[in-house]
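Structural description and commentary
The residues making up each chain are set out below.
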Amino acid sequence: MAGIFYGVGVGPGDPELLTLKAVEVIRNADVVIAPKTEKKEGSTALSIAHPYLKTDVEILRLVFPMVNDAATLANAWENNKNSILAELQAGKKVVFLTLGDPMFYSTYMYVYRLLKDSGYAIETIPGVPAFCAIGSQLGQPLAEGNDILSIIPATMSEEELDAILGVVDNVVLMKVYKNFGQVVAKLKQHGFGENSVMISRCGLPDEQISYNLDEVDPTSVNYLSTILAKKRKLG
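Let me sum up the structure you'll find in this document.

What counts as what
Residues numbered from 1 in each chain as written. Predicted model: local features only at pLDDT ≥ 70, side-chain atom pairs only at ≥ 80, totals over all residues. Heavy atoms only, no water. Buried < 20%, exposed > 50% of the residue type's maximum accessible area, 1.4 Å probe, protein only. Helix = DSSP H or I, 4+ residues; strand = E, 2+ residues; numbered from the N terminus. Arc of directions from axis to C-beta. Contact = heavy atoms within 4.5 Å. Pairing = 2+ DSSP bridges. Axes fitted to C-alpha atoms, helices over the stretch in contact; angles between N-to-C directions. Right-handed = clockwise from strand over helix to strand, strands pointing away.

**Side note on helix α7 (residues 180-189)**
- Residues of α7 that are buried: Phe180, Val183, Val184, Lys186 and Leu187. Taken down its axis, α7 places every buried residue within 165 degrees of arc, on the same side.
- For α7, the elements touching its buried residues are α6 (158-165), β7 (170-174), β8 (196-200) and β10 (225-230).
- Glycine 191 sits one or two residues past α7 and shows a positive phi near 85 degrees.

Shown next as structure tokens:
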């Protein structure tokens, strides 16, 4: 039997937000890959999928280091690719878990590119992105009418951030934990300051909602934090 590789989006945190297809694939998996960085022992994606794992499933914890050393990265990726291929060669159903959606700021995208020409079947199962869950939870439309919505990484250059915030009506800011103070200043500068909200760890037990970004300690901003902002009043 030929192995098959699945990329499964588990959403932002609430296990009930997984699609029916994602649940079915996870329940039938022979191997579940829980990606992590060297800084973290646990896997948030694995904890979200946990209610649907069969008791005898093999858990493969692969480290994808977040470093700037090219040699270290190349070695890690090659080792991870070989580990996955070994499972596929054994004819197993291999599920790679990822937060949110697999094709949105995800490690899975790079794994997919490594494996797409390997000869094995690959199926990608979409998931609910954090910003969509946040909008629904807050009762906050992300865009309406002729609004322009921009979804951007807060890690972009100051010039790029100025250019985008100068023309959009609504913005979703990802990766805000790295330069939170600068992001808040830019939102104020472009008229978003009073109508911004940040949710950290959406759908997880320790979720936090911050309506006043000035009161947030920049050093405490979690990796899984997203800001929704509008140029007109929220709600």
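**A few points about the sheet that holds strand β5 (residues 121-125)**
- The strand order across the open sheet formed by five strands is β3-β2-β4-β1-β5, and the pairing between neighbours is parallel. A strand with exactly one partner marks an edge of an open sheet, and here the two such strands are β3 (58-60) and β5. Put simply, the sheet's adjacent strands are angled 20 degrees from each other on average, direction ignored.
- Across three bridges, strand β2 (residues 31-33) lies against β3 in parallel orientation. Residue pairing in the sheet places valine 31 in a bridge with glutamate 58 of β3.
- Across the sheet, helix α1 (residues 20-27) is in contact with β1 (4-9), β4 (93-98) and β5; its angle to β1 comes to roughly 135 degrees.
- With respect to the sheet, helix α4 (residues 108-115) is in contact with β1, β4 and β5, its orientation differing from that of β5 by roughly 160 degrees.

**Considerations on unusual backbone geometry**
- Not every positive phi belongs to a glycine, and tyrosine 105 is a case in point at roughly 45 degrees.
- With respect to the secondary-structure elements, tyrosine 105 resides in the loop between β4 and α4.
- Given a relative accessible area of 39%, tyrosine 105 falls into the partly exposed group.
- We note that arginine 201 has phi near 55 degrees; this positive angle belongs to a residue other than glycine.
- Examined against the element boundaries, arginine 201 turns out to sit in the loop between β8 and β9 (208-210).

**Digging into the sheet that holds β8**
- With respect to topology, five strands assemble into an open sheet ordered β6-β7-β10-β8-β9, the strand pairing being mixed. The sheet is open, and its two edges are formed by β6 (149-153) and β9, each paired on a single side. Taken over all neighbouring pairs, the strand axes of this sheet differ in orientation by 15 degrees on average, direction set aside.
- Two elements, β6 and β7, share five bridges in a ladder whose sense is parallel. Within β7, the residue paired with leucine 149 across the bridge is asparagine 170.
- Strands in contact with α7 are β7, β8 and β10; relative to β10, the strand with the most contacts, it is inclined by about 10 degrees.

**Observations regarding the pairing of β7**
- A large share of β7 lies buried, amounting to five of its five residues.
- With α6 bridging β6 and its parallel neighbour β7, the resulting β-α-β unit is right-handed.

**Focus: the environment of tyrosine 223**
- Mapped onto the secondary structure, tyrosine 223 falls in the loop between β9 and β10.
- With 16 residues separating them along the chain, tyrosine 223 and glutamate 207 place their C-alpha atoms 12 Å apart.

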